[in-house]
Amino acid sequence: METSQTTESVTTDAAIVPGFSSANFWKVWSANGFSNLGDGLYQITLPLLAAQLTRSPSLVAMLGVMLTLPWLIFALQAGSIVDRSDRRKVMIWVNGGRLLILLSLTLAVMMGVASLPILYIAALLLGMGETLMDTALTSIVPSVVSKDRLTWANARITAAQTVTNTFIGPPLAGYLAGLGFALATGSSTLMYVAAGFALIMMRGTFSVSSQTGGQTDQRLWRHVTEGLRFLWKDRLIRDLTLFTASMNLFWSGWGALIVLYAVRPGPMGLSEFEYGLLLTAMAIGGLLGSILCERLQKSLGTRNALVLDFLGTILLVGVPGLTTNPLAVGAAAFFAGMGATVWVILVSSIRQRLVPGELLGRVYSASRFISWGIGPIGAMLAGFVAEIWGIQTMFAIGGIVSIGVLLLFLRLISPRMLESQAGT
């Protein structure tokens, strides 16, 4: 791996971007928080609305497929767009687009014409916006903070995402959905307005291509796939991406069907609001993980800190396969949230140190193309298995298989591979 060369490139790129300031970081942080609260509201509301329209596991799981499908069909293009554009402007336009989509869905709900096809289309379009927003967000971070504060910045951004997307969002969405689905979807639009305002207040230029002598003037296909080629040649980034994908296979199956398992008449027998509280347990774990991440990395070492995510995944999908007790399922979600947050922070920081700034959007999107592109497959497999053997059996199978993934990680990833690139 070209460690010293790529690390130097990140430093150079961050230094030349005029937006390099603490004030801009907190504006990015604020926009991230508002937009993720909007995401958290619709990501809970849409499955609840789908569950009102059908009790078929495969049809409800299809909503999860549509939400994650853009990472498979649009991620590489999103990375190319972000690396060719001003990243702040990309985020502004995406927020505006998501606002219009949710306004249209709100009108459909109010008029009583909402249907599964309409939900599928809205989920697909919102998912495409997410690919652009997430790629632009992670790519802009090295432009507003110094290299030695990347883990610090990523921890605070992830904490904001956790609090808004999975701590406040689920119970608020459950409460609003209980009052009326139109109120829940309409509330998301206000969050995107606030996020757009924070982004407009930023000062500076956030287009790396404009600072590198027009290096993006190359054939479109080569530009789109360059991040994927860089990722595949770098063993550490490649392996971490593949392990992220393996865990997301289980997470997507859980996310696609937990609403049928938890909300009555499902076996756990929860109300919509109680379901939101159940997901809040994951958010609390995620918030704790963002607070303790640097401390855990220093005390356990980077590899052992990453192992927490595997243990959390095993519990997340395995415990519902053993019991319908909400406290046990909630405790598993809590630990899964903590482990996942630690993984996201540490892996993001490693990638930002290793990847040149002009490639960061495309490498990130290539990573998501692989690791999140598997989401539709996981959701479809979960729906298929649940249709044949039941949802609880699907969870039990996922728990057993995820243990094997942990053993493979311990065999292939050594502590020495990680420590030199993790900022310890």
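The structure under discussion appears in the preceding block.
Since we're looking at a predicted model, the values are computed, not measured. (Residues numbered from 1 in each chain as written. Predicted model: local features only at pLDDT ≥ 70, side-chain atom pairs only at ≥ 80, totals over all residues. Heavy atoms only, no water.)

(A) Geometry of the overall build of the protein chain. Counting its regular elements, the protein chain contains 18 helices and zero strands. Taken over C-alpha atoms, the radius of gyration comes to 20 Å for the protein chain, in line with the 22 Å a tight globule of 424 residues would show. On the principal axes, the C-alpha backbone points of the protein chain span a range of 60 × 50 × 35 Å. Here the contacts in the protein chain between residues at least 6 apart in sequence split such that 87% fall between residues at least 24 apart. When the accessible surface of the protein chain is summed, it comes to about 16500 Å², and 67% of that surface belongs to carbon and sulfur atoms. Averaging the locations of the 27 positively and 20 negatively charged side chains of the protein chain gives two centres separated by 2 Å. (Helix = DSSP H or I, 4+ residues; strand = E, 2+ residues; numbered from the N terminus. Rg over C-alpha atoms; globule rule 2.2 N^0.38 Å. Contact = heavy atoms within 4.5 Å. Areas by Shrake-Rupley, 256 points an atom, 1.4 Å probe, with all protein chains shown as cover. Lys, Arg positive; Asp, Glu negative; His and termini not counted. Charge placed at Lys NZ, Arg CZ, Asp CG, Glu CD.)

(B) Representation of unusual backbone geometry within the structure. Note that the residue after Arg264, namely Pro265, is joined by a cis bond; omega there is 15°. You can see Pro265 is positioned in the loop between helix H11 (235-262) and helix H12 (272-300).

(C) Layout of a nonpolar patch on the surface. A contiguous nonpolar patch, built from Phe167, Ile168, Leu172, Tyr175, Leu179, Leu183, Phe273, Leu277 and Ile284 and spanning about 790 Å² of accessible area, is present on the exposed surface. Secondary-structure elements contributing two or more residues to the nonpolar patch are helix H8 (150-179) and H12. Take Leu277: it is sitting in helix H12. (Patch = residues over 30% accessible without salt bridge, like charges linked within 9 Å, V, L, I, M, F, W, Y side chains within 5 Å. Salt bridge = Lys/Arg side-chain N within 4 Å of Asp/Glu carboxyl O.)

(D) Highlighting the pattern of salt bridges. Tallying each qualifying case throughout the model produces seven salt bridges. A salt bridge links Asp134 to Arg368; the nearest nitrogen and oxygen atoms lie 3.5 Å apart. Here the residue Asp134 occupies a position in helix H7 (residues 116-144), and Arg368 occupies one in helix H15 (residues 360-371), the gap between them amounting to 234 residues. No difference in accessibility class separates Asp134 from Arg368, as the two residues are buried. In this structure, Glu226 and Arg362 form a salt bridge, with 2.9 Å as the shortest nitrogen-oxygen distance. Remark: Arg362 occurs in helix H15 and Glu226 occurs in helix H10 (residues 220-233); sequence separation between them is 136 residues. Salt bridges sharing partners connect three or more residues here, namely Asp83, Arg87, Glu226 and Arg362. (Buried < 20%, exposed > 50% of the residue type's maximum accessible area, 1.4 Å probe, protein only.)

(E) Examining the packing of helix H2 (residues 22-53) against helix H6 (residues 87-110) more closely. Running from amino to carboxyl end, H2 crosses H6 at an angle of 30°, the nearest separation of the two axes being 12 Å. For the element pair H2 / H6, the angle class is roughly parallel. For the pair H2 and H6, the crossing hand works out as left-handed. In contact with Ser35, Asp39, Tyr42, Leu46 and Leu49 of H2, H6 contributes Asn95, Arg98, Leu102, Leu105 and Val109. Of the residues in the contact of H2 with H6, the class split is six nonpolar, two polar and two charged. (Axes fitted to C-alpha atoms, helices over the stretch in contact; angles between N-to-C directions. Parallel < 35°, antiparallel > 145°, perpendicular 65-115°, else oblique. Left-handed = near helix turned anticlockwise from the far one by under 90°. Nonpolar A, V, L, I, M, F, W, Y, C, P; charged D, E, K, R; others polar.)

(F) Fine view of the environment of Arg351. The topology assignment puts Arg351 in helix H14 (residues 326-354). On the basis of relative accessible area, Arg351 is assigned to the buried category, the value being 8%. Not counting chain neighbours up to four residues away, the residues in contact with Arg351 comprise Leu360, Val363, Tyr364 and Ser367.

(G) Local environment of the nonpolar core. Core analysis: the biggest nonpolar cluster contains 103 residues, and Leu257, Tyr275 and Trp343 have the highest contact counts within it. When residues in this core are grouped by element, the largest group, 16 residues, is from H11. If near-sequence neighbours (up to four positions away) are discounted, Leu257 is found in contact with Pro57, Ala61, Ala382, Gly383, Ala386, Ile391 and Met394. Of all hydrophobic cores here, the second largest spans 26 residues; its members include Ala31, Val94, Ala136 and Ile157. (Core = buried A, V, L, I, M, F, W, Y, C linked by side-chain atoms within 4.5 Å.)

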